[in-house]
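Each chain is listed here by its residues.
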Amino acid sequence: MTYKEQYLQSLSIKPPAPAGAMPHTFAGTFYELLPETADTFPTVLSGGTMEILSGYTLTCQPMDCRMLLYTRDGGGRIRMRSRSYTLEPGSLLYMDCSVSTYIIEPTHFPWRYSLFLVKGDLFSRLETLVPFETLLLHPLPPYSPVLRALNQLLIGSPGACLYNKLTDADLLHHIVTGLFTEAYKMESTDTRYPPFLAEIRNYLDASLAEPFRLDDLEERYHMSKYRICHEFSAAFGVPPLKYLNRKRLEAAANLLLTTDKKVHEISLEVGFENTNHFISLFKREMGTTPQAYRDAKRG
């Protein structure tokens, strides 16, 4: 039995869906599998971005796969083992679908979400390294590297060629390891730095579009900006401004893939007032211009 046949057999919907609307569209497009990689690499079984406009209750029997479900707009709820979890905009659900029957219900319409059903040894191995129990529901910042990798996975191809499968495997690895790192707040055991440095890093992460001056940090932490730069560099490998610019460029890359905004609009949105300076930094960091990056990734 193929994965598609297993999936359709495992899913029931109430009330009955209109012809052509369900059930397979909940899981997106079914991917063609490549035998050489399907049992050895992280593999996408089905996926895409979908929208539910009216109320359905979807009951899914256990299947040997994992689910990645990112809510973009609207919202839903997942119920499993007498517990209920709210799927809010900006949240990513990672779930082991083999453990128990689960029920998914849209709650706020239209519910637009990106979903991937995946398989591979990577997932079960990672789950043994952290306090994971069946599912993980974690909010993603708008410019999270996890979200950027998820968006890149969405623009990939479901075709059964080696390039597609290796690209998918690499992105799935980044998504799940990044998600676990963020959600379980893992830090290197070799890293030792004062709490104020972590506070500065968090401040920079949350203030990408805001004007930045080292003098502001100097006033806030009552120490010289030279000492701040030295200690921040020792802890994180780069000075504060370079760290901030890298985060801004990551945010810009995400916007290039997920929006049709013009380059100068993205430049302003991520905190660069000078578009030429933004293009120069982007090319230095990414190896290509913003427009060429967009064109290449979108194919």
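Small disclaimer: the values here were computed from a predicted structure and weren't measured. (Residues numbered from 1 in each chain as written. Predicted model: local features only at pLDDT ≥ 70, side-chain atom pairs only at ≥ 80, totals over all residues. Heavy atoms only, no water.)

1. Focus: the nonpolar core
Phase 1 of the analysis: Grouped together as the largest cluster of nonpolar side chains are 31 residues, with contacts concentrated most on M67 and L69.
Phase 2 of the analysis: Within the residue set of this core, elements represented by two or more residues are α1 (3-10), β1 (11-14), β3 (43-52), β4 (57-60), β5 (66-80), β6 (83-87), β7 (91-96) and β8 (102-119).
Phase 3 of the analysis: Counting 30 residues, the second largest nonpolar core, distinct from the first, contains Y243, L244, I266 and Y293. (Core = buried A, V, L, I, M, F, W, Y, C linked by side-chain atoms within 4.5 Å. Buried < 20%, exposed > 50% of the residue type's maximum accessible area, 1.4 Å probe, protein only. Helix = DSSP H or I, 4+ residues; strand = E, 2+ residues; numbered from the N terminus.)

2. Remarks on unusual backbone geometry
Phase 1 of the analysis: Residue P15 is bonded to the preceding K14 through a cis peptide linkage, with omega at -10 degrees.
Phase 2 of the analysis: In this structure, P15 sits in the loop between β1 and β2 (29-30).
Phase 3 of the analysis: Backbone geometry at S82 places phi at a positive 65 degrees, although glycine is not the residue there.
Phase 4 of the analysis: Here S82 lies in the loop between β5 and β6.
Phase 5 of the analysis: The exposure class assigned to S82 is exposed, which follows from its relative accessible area of 85%.
Phase 6 of the analysis: Phi is positive for H222, close to 55 degrees, though the residue is something other than glycine.
Phase 7 of the analysis: Here H222 lies in the loop between α7 (214-221) and α8 (225-236).

3. Section: the packing of helix α4 (residues 145-154) against helix α5 (residues 162-183)
Phase 1 of the analysis: Following both chains from N to C, one finds α4 and α5 inclined at 155 degrees, their axes separated by 9 Å at the closest point. When the axis of α4 is compared with that of α5, the two are roughly antiparallel. As for the relative orientation of α4 and α5, their crossing is left-handed in sense. Contact residues: α4 offers P145, V146, A149, L150, Q152 and L153, while α5 offers D168, L171, L172, H174, I175, G178, L179 and E182.
Phase 2 of the analysis: Considering only residue class, the contact of α4 with α5 consists of 9 nonpolar, 3 polar and 2 charged. (Axes fitted to C-alpha atoms, helices over the stretch in contact; angles between N-to-C directions. Parallel < 35°, antiparallel > 145°, perpendicular 65-115°, else oblique. Left-handed = near helix turned anticlockwise from the far one by under 90°. Contact = heavy atoms within 4.5 Å. Nonpolar A, V, L, I, M, F, W, Y, C, P; charged D, E, K, R; others polar.)

4. Some remarks on the packing of helix α6 (residues 195-206) against α7
Phase 1 of the analysis: Two elements in contact, α6 and α7, have axes whose closest approach is 12 Å; the angle formed by their N-to-C orientations is 140 degrees. The angle between the axes of α6 and α7 places the two elements in the oblique class. The two elements α6 and α7 meet at a crossing, and its hand is right-handed. Contacts between α6 and α7 pair F196, E199, I200 and Y203 from the former with L217, R220 and Y221 from the latter.
Phase 2 of the analysis: Taken together, the residues that form the contact of α6 with α7 break down as 5 nonpolar, no polar and 2 charged.

5. Section: the side chain of N245
Phase 1 of the analysis: Topologically, N245 is positioned in helix α9 (residues 240-258).
Phase 2 of the analysis: N245 has contacts with F272 and L281, leaving out every residue within four places of it along the chain.

6. Remarks on the pairing of β8
Phase 1 of the analysis: Alignment of β3 against β8, held across 9 bridges, turns out to be antiparallel. Across the sheet, T43 pairs through a bridge with K119, a residue of β8. (Pairing = 2+ DSSP bridges.)

7. Observations regarding the packing of aromatic side chains
Phase 1 of the analysis: Applying the stated criterion across every chain yields a total of 17 aromatic pairs.
Phase 2 of the analysis: Consider the rings of F132 and F180, whose centres lie 6.1 Å apart with planes at 25 degrees: the pair is stacked. Of this pair, F132 sits in the loop between α3 (121-127) and β9 (135-139) while F180 sits in helix α5; the two residues are 48 residues apart in sequence, bridging distant segments of the chain.
Phase 3 of the analysis: Members of the aromatic cluster, joined through ring pairs, are Y94, F123, F132, F180 and Y184.
Phase 4 of the analysis: Directly above the ring of Y203 sits R220, whose terminal nitrogen or CZ lies 5.0 Å from the centroid.
Phase 5 of the analysis: Lying over the aromatic face of F272, R248 brings its terminal NZ or CZ to 5.5 Å of the ring centre. (Phe/Tyr/Trp six-rings, centres within 6.5 Å; stacked < 30°, edge-to-face > 60°. Lys NZ or Arg CZ within 6 Å of the ring centre and 35° of its normal.)

8. Remarks on the confidence of the model for the protein chain
Phase 1 of the analysis: In the predicted model, the protein chain carries a mean pLDDT of 90, and 95% of its residues have values of at least 70.
Phase 2 of the analysis: Within the protein chain, β7 carries the highest mean pLDDT (98), whereas helix α12 (residues 290-298) carries the lowest (86). (pLDDT = per-residue confidence, 0-100.)

9. Remarks on a nonpolar patch on the surface
Phase 1 of the analysis: A surface patch of nonpolar side chains, about 250 Å² in accessible area, is lined by F41, L162 and L166.
Phase 2 of the analysis: Looking at where L162 falls in the secondary structure, it is placed in helix α5.
Phase 3 of the analysis: Given the relative accessible area of 46%, L162 is considered partly exposed. (Patch = residues over 30% accessible without salt bridge, like charges linked within 9 Å, V, L, I, M, F, W, Y side chains within 5 Å. Areas by Shrake-Rupley, 256 points an atom, 1.4 Å probe, with all protein chains shown as cover. Salt bridge = Lys/Arg side-chain N within 4 Å of Asp/Glu carboxyl O.)

10. Let's talk about the pairing of β1
Every other side chain in a regular strand lies on the same face of the sheet, so the side chains alternate between the two faces.
Phase 1 of the analysis: Only one face of β1 is covered, namely the face carrying L11 and I13; the face carrying S12 and K14 is uncovered.
Phase 2 of the analysis: In terms of strand pairing, β1 meets β4 through 4 bridges, oriented antiparallel. The partner of I13 across the bridge, within β4, is L58.

11. A word on the pattern of salt bridges
Phase 1 of the analysis: All told, the structure shown has 15 salt bridges when counted by the stated rule.
Phase 2 of the analysis: A salt bridge links E127 to R66; the nearest nitrogen and oxygen atoms lie 2.9 Å apart. Taken together, the residues span a long stretch of sequence, with E127 in helix α3 and R66 in strand β5 at a distance of 61 residues.
Phase 3 of the analysis: Of the residues examined, E127 reaches a relative accessible area of 11% and is grouped as buried.
Phase 4 of the analysis: A salt bridge links K261 to E269; its shortest N-O distance comes to 2.5 Å.
Phase 5 of the analysis: Relative accessible area serves as the criterion here: at 31%, K261 is assigned to the partly exposed category.
Phase 6 of the analysis: One salt-bridge network, held together by shared partners, links R213, D215, D216 and K225.

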